[in-house]
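Chain and residue survey
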Amino acid sequence: MDTNTKDIIFLLPENQYNLHPGTGTEQDFVIVIRSVEYQPELLIQLEAILKAIQVDLSQRATIVEILNDTDCRLKEIYPVSAYVFVFGMSPSQTGFPSGVAKYNLISSGDSMYLFSDSLQTLKSAMEAKKQLWNCLKSHFIDKK
């Protein structure tokens, strides 16, 4: 078989996410959002959510921006132990069983996962905001 090197093509997997790491040395929070929500207005809202539990977004969090409307496997993207907050994606879209409920911290491996409505939805849905706050408060504020 005559194979010329110019005829060999390697197909690399398309990068389906962007990582936006914080500037601090302790990156113990991972925030997963769709690219349509990676916009200044919603990032300010995200910053306020984390500030309420005394976490500085710019220092302690890495944002995983999921491109397009693709599914992902969170444990492959960010395998380091952390708190992982997923906004606007169902558990089944991220490699978890579909029965995982929103607004409950669940443990998997060395990480804790929280699934929430999208940041856009949280802007106007008071009940969703309340559920998110109650979950965060019970884990990060009341346990201190």
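Scroll up for the structure.
So, a few notes on the structure that sits alongside this text. (Residues numbered from 1 in each chain as written. Predicted model: local features only at pLDDT ≥ 70, side-chain atom pairs only at ≥ 80, totals over all residues. Heavy atoms only, no water.)

1. A closer look at the environment of Ala 52
With respect to the secondary-structure elements, Ala 52 resides in the loop between α1 (40-51) and α2 (57-60). Considered as a pair, Ala 52 and Lys 137 are 85 residues apart in the sequence and their alpha carbons are 8.6 Å apart. Those residues within four positions of Ala 52 in sequence are excluded, and the remaining contacts are Trp 133 and Ile 141. (Helix = DSSP H or I, 4+ residues; strand = E, 2+ residues; numbered from the N terminus. Contact = heavy atoms within 4.5 Å.)

2. Examining the sheet that holds strand β4 (residues 83-87)
With mixed pairing, six strands are arranged side by side in an open sheet as β1-β3-β2-β4-β6-β5. Since the sheet does not close on itself, it has two edges, and those belong to β1 (17-20) and β5 (106-108), each with one partner. Looking at each pair of strands side by side, their axes are set apart by 25 degrees on average, direction ignored. In terms of strand pairing, β5 meets strand β6 (residues 111-116) through three bridges, oriented antiparallel. Paired with Ile 106 across the two strands is Tyr 113, which belongs to β6. (Pairing = 2+ DSSP bridges. Axes fitted to C-alpha atoms, helices over the stretch in contact; angles between N-to-C directions.)

3. Looking at helix α5 (residues 126-141)
Where α5 is concerned, the buried positions are Ala 128, Leu 132, Cys 135, Leu 136, His 139 and Phe 140. Viewed along the axis of α5, the buried residues span an arc of 105 degrees, placing them on a single side of the element. Residues of α5 that are buried make contact with β2 (29-34), α1, β4, β6 and α4 (119-124). (Buried < 20%, exposed > 50% of the residue type's maximum accessible area, 1.4 Å probe, protein only. Arc of directions from axis to C-beta.)

4. Structural notes on α1
When the terminal C-alpha atoms of α1 are compared, their 16 Å separation across 12 residues agrees well with the 16 Å that a helix rising 1.5 Å per residue should span. Taken together, the buried positions of α1 are Leu 42, Leu 43, Gln 45, Leu 46, Ile 49 and Leu 50. For α1, the buried positions fall inside an angular range of 155 degrees around the axis, keeping them on one side. Residues Pro 40, Ile 44 and Lys 51 are exposed on α1 and point more than 90 degrees away from its buried face. On its buried face, α1 is in contact with β2, α2, β3 (61-66), β4, α4 and α5. (Expected span 1.5 Å × (residues − 1).)

5. Overview of the packing of aromatic side chains
Applying the stated rule across the entire model yields seven aromatic pairs. Taking 5.9 Å as the distance between ring centres and 40 degrees as the angle between the ring planes, the aromatic pair formed by Phe 29 and Phe 140 counts as tilted. Of the two residues, Phe 29 sits in strand β2 while Phe 140 sits in helix α5, which places them 111 residues apart along the sequence. For Phe 140, a relative accessible area of 9% translates into the label buried. (Phe/Tyr/Trp six-rings, centres within 6.5 Å; stacked < 30°, edge-to-face > 60°.)

6. Notes on the pairing of β6
Across the six residues that make up β6, a large majority, five, are buried. In this sheet, β6 lies alongside β4 in parallel orientation, the contact comprising five bridges. If you follow Phe 85 over to β6, its bridge partner there is Leu 114.

7. Remarks on the pairing of β3
Among the six residues that make up β3, six are buried, leaving the element largely enclosed by the rest of the structure. Alternating positions in β3 separate into two faces, Ala 61, Ile 63 and Glu 65 on one and Thr 62, Val 64 and Ile 66 on the other, with burial throughout. As paired strands, β1 and β3 are joined by four bridges and run antiparallel to one another. Bridging from a neighbouring strand, Asn 18 pairs with Glu 65 of β3. Pairing between β2 and β3: six bridges, direction parallel. Following the sheet pairing, Val 30 is matched in β3 by Thr 62.

Read these as spatial facts, not as claims about activity.
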